[in-house]
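Coordinate analysis (summary)
The residues making up each chain are set out below.
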Amino acid sequence: MIKNLPPNVITYLTFLFQKILILGHFPQRWKTATVVPILKPGKDPAQPSSYRPFSSLLGKLLKILSSLRFNKHVTDNNILCDEQFGFKPNLSTSHHLLRVT
């Protein structure tokens, strides 16, 4: 959806995200979301499991972009030791437990 926005809107969002990161202030309104249930195609509307939750996109997008940027910085600068499994792509603390056992 965001990829289909006009270039000037994408430029504005980029500027806005950069300012948020520079100032270190995440907008309060982006911390809470109004969840709207969307019915899955061909599902029974009477069943709660037939609905897909949808919420605010901008806060989630900023979180994903920040996480990607952080992970790239940590990887490029070899900040985490080899024994660190959390926060690394394709690795988890479960992998570390397997390694220990």
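This write-up is about the structure you can find in this document. (Residues numbered from 1 in each chain as written. Predicted model: local features only at pLDDT ≥ 70, side-chain atom pairs only at ≥ 80, totals over all residues. Heavy atoms only, no water.)

Some remarks on the packing of helix H1 (residues 7–23) against helix H2 (residues 58–76)
Remark: H1 packs on H2, axes separated minimally by 11 Å, with the N-to-C direction vectors making an angle of 65°. Taken together, the axes of H1 and H2 lie roughly perpendicular to each other. Handedness of the crossing formed by H1 with H2: right-handed. Residues Leu13, Phe17, Ile20 and Leu21 of H1 pack against Leu58, Leu61, Leu62, Leu65, Ser66 and Arg69 of H2. By residue class, the composition of the contact of H1 with H2 is 8 nonpolar, 1 polar and 1 charged. (Axes fitted to C-alpha atoms, helices over the stretch in contact; angles between N-to-C directions. Helix = DSSP H or I, 4+ residues; strand = E, 2+ residues; numbered from the N terminus. Parallel < 35°, antiparallel > 145°, perpendicular 65-115°, else oblique. Left-handed = near helix turned anticlockwise from the far one by under 90°. Contact = heavy atoms within 4.5 Å. Nonpolar A, V, L, I, M, F, W, Y, C, P; charged D, E, K, R; others polar.)

Brief notes about the packing of aromatic side chains
Evaluation of the coordinates by the stated rule reveals 2 aromatic pairs. Ring centres of Phe17 and Trp30 lie 6.0 Å apart, and the angle between their planes is 90°; on these two criteria the pair is classed as edge-to-face. You can see Phe17 sitting in helix H1 and its partner Trp30 sitting in the loop between H1 and strand S1 (36–39), a full 13 residues away along the chain. Classification of Phe17 by relative accessible area gives buried; the value is 8%. We classify Trp30 as buried; its relative accessible area is 18%. On the numbers, 6.0 Å between centres and 80° between planes, the contact of Phe26 with Trp30 is edge-to-face. For Phe26, a relative accessible area of 28% puts it in the partly exposed group. Through successive ring pairs, a cluster of aromatic residues spans Phe17, Phe26 and Trp30. (Phe/Tyr/Trp six-rings, centres within 6.5 Å; stacked < 30°, edge-to-face > 60°. Buried < 20%, exposed > 50% of the residue type's maximum accessible area, 1.4 Å probe, protein only.)

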